[in-house]
Structure formats: C-alpha cells, structure tokens
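Coordinate analysis (summary)
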Amino acid sequence: MNQGYIKQLFYTVLLIFSITCLFSACKKRDIIPNNSTLDTNTAAIDSIAKLDSLPSFNSPAGVAVDAAGNIYVADYGNNLIRKITPAGVVSTFAGSGNQGITDGAGTLASFDAPTGITADASGNLYVADAGNNLIRKITPAGVVSTIAGSDTTGSVNGIGNAASFYDPLSVAVDGSGNLYVADAGNDEIRKITSGGTVTTFAANDTSSTASSLPVGVFFNNPTGVTLDASGNVYVANYLNNTILIINPAGTTSIFAGSASGQQGSANGPAASATFYFPNSVAADASGNVYVADGINNLIRKITSGGIVSTFAGDGLAGAVDSTGTNASFNGPAGLAVDAAGNVYVADSDNNLIRKITPAGVVTTIAGNGQQGAKNGIAIAHRNKKLIKINSKNTLNLLYRPKRN
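The structure contained in this document is the topic of the report that follows. (Residues numbered from 1 in each chain as written. Predicted model: local features only at pLDDT ≥ 70, side-chain atom pairs only at ≥ 80, totals over all residues. Heavy atoms only, no water.)

1. Let's talk about the overall build of the protein chain
Counting secondary structure elements, the protein chain contains two helices and 28 strands. Scored against the burial criterion, the 404 residues of the protein chain give a buried share of 57%. In the protein chain, once contacts between residues fewer than 6 apart in sequence are set aside, the share between residues at least 24 apart is 48%. Summing over all exposed atoms, the protein chain offers an accessible surface of approximately 16,000 Å²; the carbon and sulfur share of this is 54%. (Helix = DSSP H or I, 4+ residues; strand = E, 2+ residues; numbered from the N terminus. Buried < 20%, exposed > 50% of the residue type's maximum accessible area, 1.4 Å probe, protein only. Contact = heavy atoms within 4.5 Å. Areas by Shrake-Rupley, 256 points an atom, 1.4 Å probe, with all protein chains shown as cover.)

2. Some words on the packing of aromatic side chains
Tallying each qualifying case throughout the model produces six aromatic pairs. Ring geometry for Tyr-276 and Phe-277: centres 5.4 Å apart, planes at 70 degrees, overall edge-to-face. You can call Phe-277 buried: its relative accessible area is 8%. An aromatic cluster is built from Tyr-238, Tyr-276 and Phe-277, whose rings are joined through pairwise contacts. (Phe/Tyr/Trp six-rings, centres within 6.5 Å; stacked < 30°, edge-to-face > 60°.)

3. Describing the nonpolar core
Residues Ile-243, Phe-255, Ala-256, Phe-275, Val-289 and Ile-302 are the most contacted members of the largest nonpolar core, which totals 15 residues. Within the residue set of this core, elements represented by two or more residues are strand 16 (233–237), strand 17 (242–246), strand 18 (252–256), strand 20 (278–283) and strand 21 (289–293). (Core = buried A, V, L, I, M, F, W, Y, C linked by side-chain atoms within 4.5 Å.)

4. Overview of the sheet that holds strand 10 (residues 158–159)
Here five strands make up an open sheet; going across it, the order is 10-14-13-12-11 and the pairing antiparallel. Here the strands that pair on one side only, and so sit at the sheet edges, are strand 10 and strand 11 (168–173). Bridging between strand 11 and strand 12 (residues 179–183) involves five bridges; their strand directions are antiparallel. By the bridge assignment for strand 12, Pro-168 is matched with Asp-183. (Pairing = 2+ DSSP bridges.)

5. A look at the environment of Ala-74
Its location among the elements puts Ala-74 in strand 2 (residues 71–75). Look past the residues within four positions of Ala-74 in its chain and what remains in contact with it is Pro-60, Ala-61, Gly-62, Leu-80, Ile-81, Pro-114, Thr-115, Gly-116 and Ile-117.

6. Description of the environment of Phe-93
The residue Phe-93 is located in strand 4 (residues 89–94) in this model. Along the backbone, Phe-93 and Thr-107 are 14 residues apart, and their C-alpha atoms lie at a distance of 7.4 Å.

7. Some remarks on the sheet that holds strand 5 (residues 104–105)
Judged by pairing direction, the sheet is antiparallel, and its five strands sit side by side in the order 5-9-8-7-6 without closing on themselves. Every interior strand has two partners, whereas the edge strands, strand 5 and strand 6 (114–119), have only one. Bridge count between strand 8 (residues 134–138) and strand 9 (residues 143–148): four bridges; the pairing is antiparallel. Residue pairing in the sheet places Ile-135 in a bridge with Ala-148 of strand 9.

Pasting the structure below:
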C-alpha cells in the first residue's frame, strides 16, 4: 500500500478522533475530574471553590521566558499570547481571542492556534502561528507583525510573505537572531535569517526513494525545536518517538530514542531510551535537553553525555505538585528554561503553567485548571492531593493532523 496513503489515513483517523474530543471539551472542565481521588479535607474543598477567581488558560501549548523573568504563553485554545510577571500577574499580551491574521498592537492583533513561542535577548517574541501557517513577531511593546509565511500552505523558500509553511508548530532563536522552525506538515526544519529570508535547514531527501540521512533518521511530524550554546539544533520528532540533533554543519542524527521508533518510557543511555510522542524540547546552559514526553505525561532529561532520565512526573495523568516522580502532569506540551535552570511547562490538558526547579520541585504558577481566558493574580496551588487520575492519555490531541 502506498506509504503516502497510509500516512493520510492515519491523519484522517486522528482528525475524527480530535473532532469528537473537541465537542466533548466544549463543556467547562473542572480541575477535579469525576474519576479523581479527592482530598476530603474541608479546607481543600474551600480552596476548590475559590478556583473560579484565578486566571485561566485553554490548552496552553508553548511557553517562553525573557531575561526579566516574565513568562509568555501561547494560549492555543484562546488564540492569545498571555504574560505572567514574576509577581504572578496574568494578562493578555497580544491577540483579540478571535481567529484571525491581523497585525497590530496588543489586542488589536489576532492569531489562529498559536502553538510555539520563543524570546530573543532584546525581549522580542516570535510565535509559530500554526493555524495561519505564519511566523509572527511581537515587540516588547506588544506590536505584532508577520515576518514570514503566507495564508496558504506550502514549502516555498523566499523572503517574508513569499515563503510558505505547513503547520509550523515550534520556533527557536539563536544569538544572531536567526529563527529555526519545526515545520511539522512539511517534515522540515526551516531557518529564517534576521533579514526575513526563509530557507530549508534540514529535511528528508525527496529526490529519490532512498534518504540521504543515516538509517532510521528521518523527520516525521517534527513538533519541537531548540538550540544549545554550541549552535546544535534539537528536534522533537513526534511520530518517530525520537529526539534528533542537527549540528551547525547541517548533519542530522538521533540524539536519543530508538531508531525503530519504539514507544516507551525507558531511561538509560540515549540509544536504548524510549519516548512516546515527544512534542517539545528545551536546552539549558549546561547542555542538558528537556523533553515534554506527551503521552507518557513525563518531563524527561537528557544530559550532554546522552543519559536519559525522568526529571518529573509519575506517568499518570494528574496535576500533583511535588518533587520529581511524585509530581504529575496531563499532556505536557511546550517547555522553556530560564537562566537559573528552572524549567517551565505548558501543562496543556490541565490548562496550567507549571515550574520545575533544578532540584525537581514542581509547582503550579498559574491557571485554575478550567478552560478560560481570565486574567488576574495567579496563586500557586498548595494542596498536593487534589488530583490523581490513574490513567494515561491514549492520544495527544494538541497537535492537529496535517491539512489537505
């Protein structure tokens, strides 16, 4: 059977599954699911009643942190870019909340399913505006502009709106202002220079039936991208369950995960470790790479020496704040690391923004667990027993199938 047909069939099934879940998600979702284990302590119940007054998100998909410690969130379901100050104040930084393609200042601008976000040294933000197939820029003053892409899907290189993308899901910036884009629908990593010129940085060889990449190394719905201090680019190769590395010369190899694409959560040496639909990556100043291992509900860590471990999460869907494997996540998506080595997580299915210290201590810094777009002062959840769901996700629905 034609491989392209098989791949299209996969995405068709995924689309039907996504639509079904989207309809069921239209109801307001409480932070405490029906099958959770609830702490019956009266004080805990009182705290639950106060959740409605806290800021809320809707399937946050990406996070970025600037030099001042502000956290920015690609609030996928709300079509917004949100800001969380170091004092914990949540506001809408850009976007009207309506699906659109408008450039402008603050809430006059519009997005369509913003998924990835990154910040440069000057405080500019860059957004992978997946639904619009665009790469957007937001200045520190909140002015939104389109730096690359058109309103049609494609894989055309060129300058600015002469270029095209196909479901760009993640973006990273280097010290020279070059952007790297995980162009998921095209199975490519694209590069945008500071002057706006788009090129293909890495891709599968489509000129023949054989790939020029090493055996087992090919892009299959890449959804996350990041860089280290040496200029290496790391890619969350979603459907292949691998983490790829592209050196500055453009050579691609497997950094961690099985060349056969085996699914799992095994730790150890990179070549024998396994992942299950890894969707985002972030690197710290020491060369460690962190992975949002979506279906496993884990945050994994890969040292520069290639040793994979579980940094946080017990593998069950939940929202428990604790240390290391005593904590829990539900569909973790975008990651970011600050200068102090703290890791920030867009905990998508929980509608929460979480923080993990270098020692592995997990806290909730914003979000009430319900779908919404409320702003205000975020208060970290104190109770560590509110949610414990004894199940795993069966499918990560944050990332949409490729469009026809």
